[in-house]
Amino acid sequence: MALFSKRHRLAPVALLAGLSLALSACAGSSSGSDASGSADETVNIGVIYPKTGQYAEYGRLFEQGFELAVKKVNADGGVQGKQLGLEYFDTQSDPKQSAAVAPKLVADSSIIAVVGDYSSGSSTAASPTFQQAGLVHYGFNNSSPTFPETGDHVWSPAIAQDVYQVYNANVVATKAKKIAVVYIENDWGKQAYGYFKDQAAKNGTEIVYESSYLADSTDLSPILIPARDANPDAIVQIGYGPDGALVVNTLRDKLGYTGPFFGGQNTPEFLELAGDNAEGDIITGIFTVNSTDPLVQEFVTDFRAEYNEEPGDFNLTAYQAIIDLAYAANTTSATREGIQEALQTVTDFPSYQGTGTFKFDQETRRVENPEPLLLIVKDGKFEVYEG
């Protein structure tokens, strides 16, 4: 599939807005619309995400997926004959900043839906403003089961942690009867660990050691030494990619632990940081570049051609989010009302995760019957784990 060459611009209105917002911590910028199109010929998706700060690497991965998707949409004719653009707002995935920028997105009539933020906590802080305005908030990365509870305009295609952690605990149970668990110290980490712990108990898996850790920790030896010394059959980490790499590198390189490890994320950063220490690691994920599904291969081929690197879960979910909303707009109308109507009625959203098509459960406003994949690191890459 041929894609348009990469083009960025700041429309005059957006430029003025950007100059004003430059005085604050949260700046908006736009991209993806046709350089020859007028404002009336373009509709936008608002993006709240961490371009800077602690989670900037995830923002970079998201932006790659967003931009690739917008190019595909516009190459295929746009939405209802209009060009699709993106209006970016850097929140650093900070709840205070996401709540502060939300009224700006609501006030921009060109924005027909909002995607983001990185963390469920930051997204949830902005959701009430979008809900009150009748603007769809599409939390594509928000796996907290409670995220959509703000209201009927809050949706998430992300697989929730109450599903993810059941899969995670079940595969751990096939390898270990007693385990040590470390998890990131934030609302997401505590909630995810809670689901994991409940399922581990149902499976009869004994947790012989547990500890949280701070996201900005640089030395995890104090909590990993007792984890190792508890003599577990396996060590489990529930958190993000960089801290997952820190955990497994500390275990392997400093503490001499050679047993099974479950943790990290399907990102190039995790694989690069962990290196050989990640071999054999098993996680729950959403796709693999080796899938034979035609849509997955279309995404992988285009991503490699555009960025000359391998895509991961966060690239794909960002890409899928824009494709979903464009599909919604083309099925109904390229308006705020049209997006909401489509999420309520469309039953054949194309999946780029190798699962055919999907629709939303109208009670949970999440994807109906989601199916996480089990992935294992082999030769420096994640592959589907068959058990």
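About the thresholds
- Residues numbered from 1 in each chain as written.
- Predicted model: local features only at pLDDT ≥ 70, side-chain atom pairs only at ≥ 80, totals over all residues.
- Heavy atoms only, no water.
- Pairing = 2+ DSSP bridges.
- Helix = DSSP H or I, 4+ residues; strand = E, 2+ residues; numbered from the N terminus.
- Axes fitted to C-alpha atoms, helices over the stretch in contact; angles between N-to-C directions.
- Contact = heavy atoms within 4.5 Å.
- Buried < 20%, exposed > 50% of the residue type's maximum accessible area, 1.4 Å probe, protein only.
- Right-handed = clockwise from strand over helix to strand, strands pointing away.
- 1 Å grid on protein atoms, 1.4 Å probe; cavity = no way out; pocket = protein on both sides within 12 Å on 5 of 7 lines; lining within 4 Å.
- Points joined across faces, edges and corners; volume = space filled by probe spheres on them.
- Nonpolar A, V, L, I, M, F, W, Y, C, P; charged D, E, K, R; others polar.

Per an unreviewed UniProt entry, the protein goes by Branched-chain amino acid transport system substrate-binding protein and derives from Brooklawnia cerclae.

(A) Inspection of the sheet that holds strand β11 (residues 282–285) at higher detail. Pairing within the open sheet is antiparallel, and its three strands lie in the order β11-β16-β17. Unpaired on one side and paired on the other, β11 and β17 (381–384) mark the two borders of the sheet. Neighbouring strand axes in the sheet, compared pairwise and without regard to direction, differ in orientation by 40° on average. Against the sheet, helix α5 (residues 161–173) makes contact with β11 and β16 (373–378), and its axis sits at roughly 155° relative to β11, the strand it touches most.

(B) Geometry of the pairing of β11. Burial along β11 is two-sided: Ile282 and Thr284 facing one way and Ile283 and Gly285 facing the other are all buried. When β11 meets β16, the two strands line up antiparallel, connected through four bridges. Within β16, the position partnered with Ile283 by the bridge is Leu375.

(C) Seen up close, the pairing of strand β4 (residues 111–115). With five of five residues buried, β4 lies mostly within the body of the structure. Of the strand pairs in this sheet, β4 and strand β5 (residues 137–138) are connected by two bridges, and their pairing is parallel. By the bridge assignment for β5, Val114 is matched with His137. Handedness of the crossover joining β4 and β5 through helix α4 (residues 120–133): right-handed.

(D) Representation of the layout of surface pockets within the structure. Its boundaries defined by the atoms lining it, the largest pocket holds a volume of some 860 Å³. Every residue lining the largest pocket is counted, 44 residues in all, and those nearest its centre are Ile159, Gln161, Tyr164, Ile286 and Asp313. Among the elements of the structure, α5, β9 (234–238), β11, α11 (313–331) and β13 (357–358) are those that each provide at least two residues to the lining of the largest pocket. Sorting elements by how many residues they give to the lining of the largest pocket places α11 first, with five residues. Its residues placed into classes, the lining of the largest pocket shows 18 nonpolar, 21 polar and five charged.

(E) Local environment of the environment of Leu271. Note that Leu271 resides in helix α9 (residues 268–274). As a C-alpha pair, Leu271 and Tyr352 span 81 residues in sequence and 22 Å in three-dimensional space. Residue contacts for Leu271: discarding those within four places in its chain leaves Val377, Gly380, Lys381 and Phe382.

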